[in-house]
Amino acid sequence: MNELKLAVVGKDVSKSVSPQIHGFIAKEYGIKISYDKVSISENEFCDRIKTLLREYDGFNVTIPFKLSVIPYLETLCGDARTFGAVNTVRTRDLTGYNTDGAGFALMLKNNGADVKGKNALVIGAGGAGRSVAKKLADAGAAVSVYDKNLKNALNVAAEFEHVTALDNLRAEPYYAVINASGVGMHSTEGVSPADERLLKLCEVAADLIYVPAKSEFLSIAERCGKKIINGEAMLFYQAYYADCIYFGLEPDEERAKALFEKFGEECKK
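Criteria and cut-off values
- Residues numbered from 1 in each chain as written.
- Predicted model: local features only at pLDDT ≥ 70, side-chain atom pairs only at ≥ 80, totals over all residues.
- Heavy atoms only, no water.
- Phe/Tyr/Trp six-rings, centres within 6.5 Å; stacked < 30°, edge-to-face > 60°.
- Helix = DSSP H or I, 4+ residues; strand = E, 2+ residues; numbered from the N terminus.
- Buried < 20%, exposed > 50% of the residue type's maximum accessible area, 1.4 Å probe, protein only.
- Lys NZ or Arg CZ within 6 Å of the ring centre and 35° of its normal.
- Pairing = 2+ DSSP bridges.
- Axes fitted to C-alpha atoms, helices over the stretch in contact; angles between N-to-C directions.
- Parallel < 35°, antiparallel > 145°, perpendicular 65-115°, else oblique.
- Left-handed = near helix turned anticlockwise from the far one by under 90°.
- Contact = heavy atoms within 4.5 Å.
- Nonpolar A, V, L, I, M, F, W, Y, C, P; charged D, E, K, R; others polar.
- Polar contact = N/O pair within 3.5 Å; in protein donor to acceptor, adjacent residues only side chain to side chain.

All right, on to the packing of aromatic side chains then. Tallied over the entire structure, the rule returns 10 aromatic pairs. Judged by centre distance (5.5 Å) and plane angle (55°), the ring pair of Y237 and F260 falls under tilted. With Y237 in helix α9 (residues 232-247) and F260 in helix α10 (residues 253-268), this residue pair connects regions lying 23 residues apart in the sequence. For the residue pair Y237 and F260, the accessibility class agrees, reading buried in each case. An aromatic cluster is built from F24, F236, Y237, F260 and F263, whose rings are joined through pairwise contacts. The ring of Y56 has K5 lying over it, and the distance from NZ or CZ to the ring centre is 4.9 Å. Stacked on the ring of Y175, the Lys or Arg K118 has its end atom at 4.0 Å from the ring centre.

As summarised here, the arrangement of the 6 strands in space is β2-β1-β3-β5-β6-β4, forming an open sheet in which the pairing is mixed. The open sheet has two edge strands with one neighbour each: β2 (33-39) and β4 (75-76). Pairing between strand β3 (residues 58-61) and strand β5 (residues 88-90): 3 bridges, direction antiparallel. Across the sheet, residue F59 finds its bridge partner in β5, namely V89.

Let us look at the packing of helix α4 (residues 100-110) against α9. Orientation of α4 relative to α9, taken along the N-to-C sense of each, is 125°, at an axis distance of 8 Å. In terms of axis orientation, α4 runs oblique to α9. Taken as a pair, α4 and α9 cross one another with a handedness that is right-handed. Residues D100, A102, G103, F104, L106, M107 and N110 of α4 pack against A233, M234, Y237, Q238 and Y241 of α9. The class makeup of the residues in the contact of α4 with α9 is 8 nonpolar, 3 polar and 1 charged.

Attention shifts here to the side chain of T95. As for its placement among the helices and strands, T95 is situated in strand β6 (residues 95-97). Polar side-chain contacts of T95 include one of 3.0 Å to the side chain of D93. With sequence-adjacent residues up to four places away left out, T95 is seen in contact with L73, T75, C77, T88, V89 and R90.

A separate point is the sheet that holds strand β9 (residues 163-166). One open sheet accounts for 6 strands, arranged β9-β8-β7-β10-β11-β12; its pairing is parallel. The strands lining the two open edges of the sheet, one partner per strand, are β9 and β12 (227-229). Adjacent strand axes in the sheet meet at a mean angle of 20°, parallel and antiparallel pairs treated alike. Looking at chain direction, strand β7 (residues 119-123) and strand β10 (residues 176-179) are connected through 4 bridges and run parallel. Bridged to I123 within β10 is N179. Here helix α6 (residues 150-159) sits on the sheet in contact with β8 (142-146) and β9, set at roughly 165° to β9. Across the sheet, helix α8 (residues 216-223) is in contact with β10, β11 (204-207) and β12; its angle to β11 comes to roughly 165°.

Next up, the structure:
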């Protein structure tokens, strides 16, 4: 296989750790890649996307272009079709994929969080919240979704079975509470979308945020003695599933787990 030219594309990917993750995975498989960070303003996207599709073998798509890229593709596969959002593009056949949900599901599994037959609360009904709600429902959970914009939560509930929209956050017991709102990062760092009254009633608190490593949401849950999971594993696993698409490999959950653990050890050195 010749060296693959890959990238992450978003509005501002200057601080993205995607090059390190994809570079590590490729090295472990003995595959040569280059991996660029391509920041594009929303005004530039239409002018630059066709060039990117010609120049790269594949690229990962992040905020705010997961929907914008779709008109330039020929086919959507699996979760990309289900969610109407793309985070992985294979350019040779202009196919879009979404590996976020699979990454989230594997993160839960490898942290011993089994949601089958249990109730779960998802905070945030944007693109990430939709994929999380669907994966939880697919795994056999009864899912409640809250969003500060009730319409977003109602749309998710209407789209997927076993999902209910909430008009407010109540302190009720859930097996798992997942923060998919983005609250707790960037300008909202130090803020939690849920308070202690709610989090002390759950067993597992998972945050899709990975910077900071322990958000205020997770800090509160930890003080309540709950199992906490941050989004680093999801980030790695969605990258792993994307690389399997680029490299033509069959995903292996045990290999993915071993790679994530090795990556974490190397990051500590």
